[in-house]
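Examination of the molecular architecture
What follows is the residue order along each chain.
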Amino acid sequence: MIDMGQYIAGPGAAMVLAELGAQVIKIEPLAGDQARHIGRYGESMIRAYSRGKQSIALNLKSEAGREIAWRLMQDSDVVIQNLRPGAVEALGLGPDTVRERFPRLIYLSISGFGDMGPSSARPGYDIAAQAESGLMSVTGEPDRLPQKVGVPIIDAAAAHLGAQAVLAALYGRGHTGVGETLRTSLLEVAMHLQATTWCDYLGGAPEPTRIGDGQPNNAPAAEVVPTRDGHIVLSAYADEHWARFCRVVGREALATDPRFCTNALRVQHREALRVVLRECLSSFTSEECVALLSSNQIVVGFVRSYRQVLQSADVQASGILVDALGTDDQRHPCLALPYRLGDAPRATPTTAPACGADTQRLLTELGFAADAIDELRRAGAVA
C-alpha cells in the first residue's frame, strides 16, 4: 500500500491497514509529512498514525520522483491520499490517471468537503468539518460559544472509515478482478457520526441546540454530577431504571414525585432533577458511585483525567496500551487498534520511521544501482 497522506486522516487509514498486516510505504515530500513541522503535537501525530510503515522521501514535482512513485504503485494494491484538493492531479498522480494505468489498484481519497460541491477546492481540517456538519452547534453550554470536541475526532474517524472502505474494495476486487476509486470527506464523516441526531431532525424533531450535559429528550441522561472527589456521568431515564436509582440511593419517594414520575416530566423539570442528583451523590467518591450504581445495573461512568484513565483496571485489562518497537530496540507506548481478532495477541508495531528512512533500501529493491541513487539525490529527486 502507498500512503501519500499528511497529518491524520490519510496516514491513519494506512496505519490501520499496516496494523492488520499490510506493507505500507509512506511517500513523503523531501521535507517530510507536514505534521513533522508543527511542533510536539505534530510529532505525536507521526507516532500515532505513521507507525509500522516504511518511508521514502520523493520530490514528486520532478519527473524522476514521479517515475519512482509509478514504479512503487506498479506493485501495490492500494493508494491512499488526503492532500489539499487538486494536488495529486497537478502532479499527474490523481485517481483517474493512476487507475487508468493500473485498473486493479484501489485508490482512496479523503478530502475536506467532497469532490462534487462548490467547496470541493477548499482545504478542510477536522475543525472545519466539526463546524460545518452541525456538530459544534450542539456541543457546549447554551449560553456560551459553540465548542469543538476536545480531540480531532473527525480526522480519526475518517481514518477508520477509510480503512473500512479499502477492505470492502479489496474484497470486491477478489470477485471482479478490478479495483475501485474510493472517496470520502471529513464533512460526510462528521455528519455520519451524528446519524441518530440527524435522523431525529430529518424525521420532524425540532432543530437540536446546545444544552451542555444531558440529552434533550431524556432525563437523567448523560448528566454530569459532582461527587466528593470529581464527577460522574449518569443515565437512568427509563422509568424502571429511575425507580431503581431512587431505591438504591434511599430516596424511593422520588420515583412517584409528580415532577419526576415520567421521563417527560423529568425533562420538563431537569434543573430540579439536577439538584436532587447532587443531593443524592455528592457525599460519595466517584469510585463509590460507580460501584454502587453499576452493581444495580444503572449506567454510570467516572469522568477520568488522562492520568486516571491509565490507572483504570479496565483499560489495563483491555490490552489497548501496547509498546511500539523502535530501531534502537527501545519500546515506545502507543495505542493498539480498538478490537481483537480472536485469540491472536495484540500486534507489536514498529515505531514511525524518520522521513526517508527507507529510501535507499526501497530504491535498491526497485533495481536502482548505488550510483544511480546518488545521482537522484544530487538532482533533488529523493532524500
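Fair warning: this is a prediction, and the values are worked out from it, not measured in the lab.

Once that is clear, we can look at the overall build of the chain. Along the chain, the regular secondary structure elements total 17 helices and 11 strands. Based on the C-alpha atoms only, the size of the chain along its principal axes is roughly 85 × 50 × 40 Å. Residues classed as buried in the chain amount to 41% of the 383 residues present. A fraction of 68% describes how many contacts in the chain between residues 6 or more apart in sequence connect residues 24 or more apart. When the accessible surface of the chain is split by element, carbon and sulfur atoms take 54% of a total near 20100 Å².

Looking now at the layout of surface pockets. By volume, the largest pocket is sized at about 1500 Å³. Looking at the largest pocket, it is lined by 37 residues, and the ones nearest its centre are Ala48, Tyr49, Tyr306, Cys334 and Leu335. The element that contributes the greatest number of residues to the lining of the largest pocket is helix H2 (residues 40–49), accounting for six residues. Considered as a void within the structure, the second largest pocket measures approximately 950 Å³ in volume. Lining the second largest pocket are 40 residues, and of these Gln6, Gln34, Asn82, Leu83 and Arg84 lie nearest its centre. If you list the elements that add at least two residues to the lining of the second largest pocket, you get strand E2 (25–28), helix H4 (87–90), strand E5 (106–111) and helix H6 (126–132).

On to the packing of helix H1 (residues 9–19) against helix H7 (residues 153–176). When two helices pack together, their arrangement is given by the angle between the helix axes and the distance between those axes. In the contact formed by H1 and H7, the axes pass within 7 Å of each other and the chain directions differ by 50°. As far as their axial angle goes, H7 and H1 are oblique. Crossing handedness for the pair H1 and H7: right-handed. Counting all contacts with H1, which are made through Ala9, Gly12, Ala13, Val16 and Leu17, the residues of H7 involved are Asp155, Ala158, Ala159, His160, Gly162, Ala163, Val166 and Leu167.

As a further point, take the pattern of salt bridges. Considering all chains together, one arrives at 22 salt bridges under this definition. For aspartate 77, the salt bridge goes to arginine 173, with nearest N and O atoms at 2.7 Å. One end of the pair, aspartate 77, is in the loop between helix H3 (63–74) and strand E4 (78–81); the other, arginine 173, is in helix H7, and 96 residues separate them in sequence. Residue classification places arginine 173 among the buried positions, given a relative accessible area of 10%. Between arginine 259 and aspartate 257 there is a salt bridge, with the nearest N and O atoms lying 3.0 Å from each other. By relative accessible area, arginine 259 is classed as partly exposed at 33%.

Right, let's get into the side chain of threonine 227. Among the structural elements, threonine 227 can be located in the loop between strand E7 (223–226) and strand E8 (231–235). Of note is the side chain of threonine 227, whose polar atom sits 2.7 Å from the side chain of serine 286.

Hydrogen bonds between backbone groups are what pair the strands of a sheet, and the pairing can be parallel or antiparallel. With antiparallel pairing, three strands are arranged side by side in an open sheet as E7-E8-E9. Bordering the open sheet on either side are E7 and strand E9 (299–302), each of which pairs with just one other strand. Each neighbouring strand pair of the sheet contributes to a mean axis angle of 30°, computed without reference to strand direction. Bridging between E7 and E8 involves four bridges; their strand directions are antiparallel. Residue pairing across strands places valine 225 opposite isoleucine 232, the latter belonging to E8. Sheet strands touched by helix H12 (residues 270–281): E7 and E8. Its angle to E7, the strand with the most contacts, is close to 40°. This element, helix H13 (residues 286–294), spans E8 and E9 of the sheet and lies at about 160° to E9.

Calculation rules
- Residues numbered from 1 in each chain as written.
- Predicted model: local features only at pLDDT ≥ 70, side-chain atom pairs only at ≥ 80, totals over all residues.
- Heavy atoms only, no water.
- Helix = DSSP H or I, 4+ residues; strand = E, 2+ residues; numbered from the N terminus.
- Buried < 20%, exposed > 50% of the residue type's maximum accessible area, 1.4 Å probe, protein only.
- Contact = heavy atoms within 4.5 Å.
- Areas by Shrake-Rupley, 256 points an atom, 1.4 Å probe, with all protein chains shown as cover.
- 1 Å grid on protein atoms, 1.4 Å probe; cavity = no way out; pocket = protein on both sides within 12 Å on 5 of 7 lines; lining within 4 Å.
- Points joined across faces, edges and corners; volume = space filled by probe spheres on them.
- Axes fitted to C-alpha atoms, helices over the stretch in contact; angles between N-to-C directions.
- Parallel < 35°, antiparallel > 145°, perpendicular 65-115°, else oblique.
- Left-handed = near helix turned anticlockwise from the far one by under 90°.
- Salt bridge = Lys/Arg side-chain N within 4 Å of Asp/Glu carboxyl O.
- Polar contact = N/O pair within 3.5 Å; in protein donor to acceptor, adjacent residues only side chain to side chain.
- Pairing = 2+ DSSP bridges.

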